[in-house]
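Remarks on the overall topology
Listed below, chain by chain, are the residues.
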4 protein chains.
Amino acid sequence: MAYGEIFYNLREKNLSNWLLYTQHKFLKKLSEGALKRDCFLNYLKQDYLFLIQFSKAWSLAVLKSDNLDEMKISASTVNDLINFEMQLHIDLCNEYGISKTDLESTDEKNENIAYTRYVLELGYSGDFLDLLSALAPCVLGYGEIGLNLKDFKPDNLMYQKWIETYASNEYQDVCKNVSQLIDNSFLIRLGNNYKDTYKWVQANKIFNKATLLEVDFWNMALK
Amino acid sequence: MAYGEIFYNLREKNLSNWLLYTQHKFLKKLSEGALKRDCFLNYLKQDYLFLIQFSKAWSLAVLKSDNLDEMKISASTVNDLINFEMQLHIDLCNEYGISKTDLESTDEKNENIAYTRYVLELGYSGDFLDLLSALAPCVLGYGEIGLNLKDFKPDNLMYQKWIETYASNEYQDVCKNVSQLIDNSFLIRLGNNYKDTYKWVQANKIFNKATLLEVDFWNMALK
Amino acid sequence: MAYGEIFYNLREKNLSNWLLYTQHKFLKKLSEGALKRDCFLNYLKQDYLFLIQFSKAWSLAVLKSDNLDEMKISASTVNDLINFEMQLHIDLCNEYGISKTDLESTDEKNENIAYTRYVLELGYSGDFLDLLSALAPCVLGYGEIGLNLKDFKPDNLMYQKWIETYASNEYQDVCKNVSQLIDNSFLIRLGNNYKDTYKWVQANKIFNKATLLEVDFWNMALK
Amino acid sequence: MAYGEIFYNLREKNLSNWLLYTQHKFLKKLSEGALKRDCFLNYLKQDYLFLIQFSKAWSLAVLKSDNLDEMKISASTVNDLINFEMQLHIDLCNEYGISKTDLESTDEKNENIAYTRYVLELGYSGDFLDLLSALAPCVLGYGEIGLNLKDFKPDNLMYQKWIETYASNEYQDVCKNVSQLIDNSFLIRLGNNYKDTYKWVQANKIFNKATLLEVDFWNMALK
């Protein structure tokens, strides 16, 4: 239960799709250094656009919070994403020959739109648990991928660096904080018998759909 | 300028994508009776899920309205969609062997999610003009398609009925009312020199993206 | 349990504030014909602005619905409010010498803003149950007030007509439909032991706060 | 034009209400040390609840941003409010004998609800400019109040400290950043002739209403 009880149970219930996502061919190729450079660069561009919408979704978590602790973690996450990770992403892209102007003029692919707008719309229409169920696959899935791939050392330094980012202690700590937030917020709202509730059924549907939209994001990246 | 000045200009500016949508192979096949029955039935099922989200998007138009006239047209549209068209759709599907339970258990395809959540999220995050720019391609595009195809009489009665629905005076009146709403709301907010405004650039981006998401909806239907 | 089980329980738990609202001095004066004409006319003007925001809040109920039945009732309510009741209200005001222009140029009082924006913001930030808990005091409170006052026959015909509106079978049917919607949506989501849930505590807080904001609305009307 | 051109013009157009707010009796009493201790402590408690909602409103600014620069400033503001100012506020209250539990169990007064929900609802329903017009009176008004009062040295150290907070360079820098954000976002969206636009009329209405809701917040604090 690396990332908490609630995530453990969501993952177990939707395991086959979860593995389609976290063991996707894109990752296999990347870890073996067999991924085409262009695929990776296009992925980075789409990921820039993704991060913008993803930060907006985390901002909705501040709005949907029920107490100050939930607000604090959500607000830190928004700030980290926008004021630090975005800049890292921009610098990294720059290093690989993609300018900030390139990033900003990238056309958002439909698979990217599908995923981000699904999460955001759910953040607007749903409550805190709905939103966390939609955010979990991205945050914690990348953590799991990082751990899965950490012993792979592809020659391509871009790929190695990408793996190290998500295998790093810093990122694993983010995952622990987020899964703690998920555990607390589910248990406070639904109680210990959460598996018998209407909201648990919804949480599983959302988690499963977000996972499938992640799969399509990798499919897009391989095209 | 069948459907008003604003739509005319949005359509002209994004003409090549517009034609990809309104003259899509799906429609060619349907009008010639060459569309596979299964494709059409799957389309109807996805369209049921689409209509639910689309009605929700029109509800946001009530919230984003600035005056009572805008609220009236938006509220009527929501009510017509939910309390009349949905029932027609359910009855029609039933006639073709798709039960209400089938409709409700249909899995929402990613292309459907992409389009509907794009519009809804924009309805939440954007203003009345942004939302109308995203709603226009669907409402008015189907009107144009109805007129384009009205002289085609495919043997398959399902296809003929589908064409008649959108070529009908009732549907063409809906298009006129909506395009009137679009003209009024753009002109009130942006003035006669609307083409020089920041909002006009945005409206075109949104209209174009929604059009491309419609194209993908047809692609999905042909799969 | 005139208006269903859930409302019955919310009302009982918050009874003292509920009676402050439904037995307010404004109503006593109105029923005895002792209310100043200006107070009543000012109330009608504020109520016009209230209805606009209240219709918008019901539009959020369409967005927060989880199934087609919930959407249908919510959409009908929005449509009735905007396309029928608003017009009745405008006609009535006109009869009493308040033109549509007067209505539209009325300055929204802070007590009006407090109540409507509380409900709307909760409709955006909360879920379907939160929103219904905030809408219930207005819809069902006016129903109860109508029944409380139906045997009073103030000489002032404006006041008599006002009482008749809310005592009418038409309005009582609206109350029955809305309380049925409330019962169904709470029971589906929270189950039979709803009183043991986190959401029930929240629902009571919201119901109580909305009731107090109604009290302040009457206070404003008496100023 | 201490705080930029747009704020200067909004302030000028709504000057009489602006002075009712920034030169309110509450402030006069505070600066002369004549304010009752209980009034001030109650104000601090309401202000705690206010800050929570105000942070949520700034989170909406992240969602309504059109570019990364707007997102960055909005996200920093949210983070500063939640992860720093809230803690300062809690510590300060604690020093004055108000525990965190007291703060959390404080009943939100209607005048507080009116103001915060007005801003938040507008943040949801409106666009970035609408939201900034509603946020400006609080942020920049407190800056102006700080400068107005900085030479007053009330004996009561609580009052002196309060004045120093808003007169401080740190707070004045916040005001400069926010007014820069306001200038940029208005000019990008509306152009140099912004005074001729529909949005400018709206911005003034919102600014004026938010200012009046601030006046009522002081009135509440004096009760």
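Residues numbered from 1 in each chain as written. Chains lettered and ligands numbered in written order. Predicted model: local features only at pLDDT ≥ 70, side-chain atom pairs only at ≥ 80, totals over all residues.

1. Some remarks on the overall build of chain A
Under the convention used in this document: For the purposes of this entry, the term helix denotes a DSSP run of H or I that reaches at least four residues, the term strand denotes a run of E that reaches at least two, and both are numbered from the N terminus. To get the radius of gyration, use the C-alpha atoms; to get the globule rule, take the number of residues to the power 0.38 and multiply by 2.2 Å. To sort residues by exposure, count the other C-beta atoms lying within 10 Å of each residue's C-beta; 20 or more gives buried, 12 or fewer gives exposed, and values between give partly exposed, all with C-beta atoms placed from the backbone.
What chain A contains, in helices and strands, is eleven helices and zero strands. Scanning chain A from its N terminus toward the C terminus, one meets helices and strands in the order α-α-α-α-α-α-α-α-α-α-α. The C-alpha atoms of chain A give a radius of gyration of 17 Å, which matches the 17 Å a tight globule of 223 residues would have. Dimensions of chain A, computed from C-alpha atoms along their principal axes, come out at roughly 50 × 30 × 30 Å. Of all 223 residues assigned to chain A, the portion counted as buried reaches 48%.

2. Observations regarding the relation of the copies chain A and chain D
Put simply, the test is: Here the copies are superposed with least squares, the fitted atoms being C-alpha atoms of residues at a pLDDT of at least 70 in both. What counts as a contact is two residues whose backbone-derived C-beta atoms lie within 7 Å of each other.
For the pair chain A and chain D, the relating rotation is 180 degrees, the translation along its axis is 0.0 Å, and the fit reaches an RMSD of 0.0 Å. Such values leave the two copies arranged in the relation of a two-fold axis. Among all C-alpha atoms of chain A, that of A:Ser59 lies closest to the rotation axis, at 2.7 Å. Most of the interface of chain A is mirrored in chain D, where 100% of its interface residues are also at the interface.

3. Quick notes on the relation of the copies chain A and chain B
Rotating chain A by 180 degrees and translating it 0.0 Å along the rotation axis places it on chain B, where the RMSD comes to 0.0 Å. When the interface residues of chain A are mapped onto chain B, 100% of them again lie at the interface, so the same face is used by both copies.

4. Things to note about the interface of chain A and chain D
Note the threshold: Basically, the charged four are Asp, Glu, Lys and Arg, the nonpolar ten are Ala, Val, Leu, Ile, Met, Phe, Trp, Tyr, Cys and Pro, and anything else, Gly included, counts as polar.
With 16 residues of chain A at the interface, the matching set in chain D holds 16 residues. With ten residues, helix H5 (residues 68-95) of chain A is the single largest residue contributor to the side of chain A that touches chain D. Looking at side-chain class alone, the side of chain A that touches chain D contains nine nonpolar, five polar and two charged residues.

5. Concerning the confidence of the model for chain A
In plain terms, the rule: The predictor rates its confidence in each residue with pLDDT, a number between 0 and 100.
Of all residues in chain A, 100% have pLDDT values of 70 or greater, and the mean over the chain is 96. Across the predicted assembly, pTM comes out at 0.97 and ipTM at 0.96.

6. Observations concerning the packing of helix H8 (residues 128-149) of chain A against helix H11 (residues 198-222) of chain A
All names here are of chain A. So the rule is basically this: Axis lines are fitted to C-alpha atoms, over the contacting stretch for helices. Their N-to-C directions set the angle, which ranges from 0 to 180 degrees. Crossing handedness is read from the near helix: turned anticlockwise from the far helix by less than a right angle, it gives a left-handed crossing, and turned clockwise, a right-handed one.
It is the contact of H8 with H11, at a shortest axis distance of 8 Å, that shows an interaxial angle of 40 degrees. Note that H8 runs across H11; the crossing there is right-handed. Residues Leu-129, Asp-130, Ser-133, Ala-134, Ala-136, Pro-137, Cys-138 and Gly-141 of H8 pack against Lys-199, Gln-202, Ala-203, Ile-206, Phe-207, Ala-210, Thr-211 and Glu-214 of H11.

7. Description of the interface of chain A and chain B
Taken together, the contact between chain A and chain B spans ten residues of the former and ten residues of the latter. For the side of chain A that touches chain B, the secondary structure elements donating two or more residues are helix H7 (110-125) and H11 of chain A. Broken down by element, the residue count for the side of chain A that touches chain B peaks at eight residues, all from H7(A). Looking at side-chain class alone, the side of chain A that touches chain B contains six nonpolar, one polar and three charged residues.

8. Things to note about helix H1 (residues 5-13) of chain D
Residues and elements named next belong to chain D. Rules: Taken from the helix axis, the directions to the C-beta atoms give the arc we talk about.
Restricting attention to buried positions, one finds in H1 the residues Ile-6, Phe-7, Leu-10 and Arg-11. The buried side chains of H1 occupy one side of the element, clustering within an arc of 130 degrees when seen end-on. Looking at the buried positions of H1, the neighbouring elements they touch are helix H2 (15-22), helix H8 (128-149), helix H10 (169-190) and helix H11 (198-222).

9. So, the environment of D:Leu181
All names here are of chain D. Within the secondary structure layout, Leu-181 lies in helix H10. Counting along the chain gives 111 residues from Leu-181 to Glu-70, while the straight-line C-alpha distance between them is 7.1 Å. Setting aside chain neighbours within four positions, we find Leu-181 in contact with Glu-70 and Ile-73.

10. Concerning the environment of A:Glu95
Here A:Glu95 shows up in helix H5. Along the chain, A:Glu95 and A:Met158 lie 63 residues apart, while their C-alpha atoms are 9.8 Å from each other.

11. Quick look at the environment of B:Leu10
Residue and element names in this part refer to chain B. Counting through the fold element by element, Leu-10 comes out in helix H1 (residues 5-13). Taking C-alpha positions, Leu-10 is 8.6 Å from Ser-133, a pair spaced 123 residues apart along the chain. Every residue in contact with Leu-10, bar those within four places of it in the chain, is listed here: Ala-136, Ala-203, Asn-204 and Phe-207.

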